[in-house]
Amino acid sequence: MSPAGLKSLNSTLVTSVITSSAAETLELGARIALELPLRTVVCLYGDLGAGKTTLIKGMASAVAGCSVEEVTSPTFLYMHLYEGQRLVCHFDLYRLPSAESLVAIGGDEMLGVADLCCIEWPERIEALLPSNRFNIWIEQPSEDKRKISYDSIS
């Protein structure tokens, strides 16, 4: 999905970075997360295997203070919480049948509560997303490289 037309935390200014390894993607995730204000909802767009969870591992470990290994994809549970220095909520909505399903289990209540809320496959709950959010788009131009584009942080 391209950055055009999506709602952003700031203006439509987008920064793009190429990472060449999982370690670089983790480091970028940490740098981004440490610059975001509290209560930010981060929407991550990209194909399966693009690197969304790897980027979130860097974000959550930097903000919550947990280890990278502790951060795993909640594909079958929909949500993981990482509690530490700050509360991080990680959604993976790939298997979510509908936005109503998230509301039925109370998952929508976490969207403004966690210090950082990261959502993989946010297009599944578009109607529930806040208009003021931070968007990240990940593309995989080759096996090891990721093109990561994100809203400008001001």
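Only a predicted model underlies this, so the values are computations on that prediction, with no experimental measurement involved.

## Looking at the sheet that holds strand S2 (residues 40-45)
Pairing between the strands of a sheet comes from backbone hydrogen bonds, and it takes one of two forms, parallel or antiparallel.
And then number 1: A sheet is described by the order of its strands in space; here 7 strands give the open sequence S1-S7-S6-S2-S5-S4-S3, paired in mixed fashion. A strand with exactly one partner marks an edge of an open sheet, and here the two such strands are strand S1 (14-19) and strand S3 (79-82). Between one strand axis and the next, the sheet turns through 15 degrees on average, direction left out of account.
And then number 2: Alignment of S2 against strand S6 (residues 134-139), held across 4 bridges, turns out to be parallel. The partner of Leu 44 across the bridge, within S6, is Ile 136.
And then number 3: Across the face of the sheet, helix H2 (residues 52-64) comes into contact with S2, S3, strand S4 (88-92), strand S5 (116-120), S6 and strand S7 (146-151) while running at roughly 170 degrees to S5.

## So, the packing of aromatic side chains
And then number 1: Tallied over the entire structure, the rule returns 3 aromatic pairs.
And then number 2: Judged by centre distance (6.4 Å) and plane angle (15 degrees), the ring pair of Tyr 45 and Trp 137 falls under stacked. Remark: Trp 137 occurs in strand S6 and Tyr 45 occurs in strand S2; sequence separation between them is 92 residues.
And then number 3: According to the relative accessible area criterion, Trp 137 is buried, its value standing at 1%.
And then number 4: On the numbers, 5.0 Å between centres and 55 degrees between planes, the contact of Tyr 94 with Trp 121 is tilted. With a gap of 27 residues between them, Tyr 94 in the loop between S4 and helix H3 (99-104) and Trp 121 in the loop between S5 and S6 connect regions that are remote in the sequence.
And then number 5: On the basis of relative accessibility, which here comes to 30%, the residue Tyr 94 falls in the partly exposed class.

Criteria and thresholds
- Residues numbered from 1 in each chain as written.
- Predicted model: local features only at pLDDT ≥ 70, side-chain atom pairs only at ≥ 80, totals over all residues.
- Heavy atoms only, no water.
- Pairing = 2+ DSSP bridges.
- Helix = DSSP H or I, 4+ residues; strand = E, 2+ residues; numbered from the N terminus.
- Axes fitted to C-alpha atoms, helices over the stretch in contact; angles between N-to-C directions.
- Contact = heavy atoms within 4.5 Å.
- Phe/Tyr/Trp six-rings, centres within 6.5 Å; stacked < 30°, edge-to-face > 60°.
- Buried < 20%, exposed > 50% of the residue type's maximum accessible area, 1.4 Å probe, protein only.

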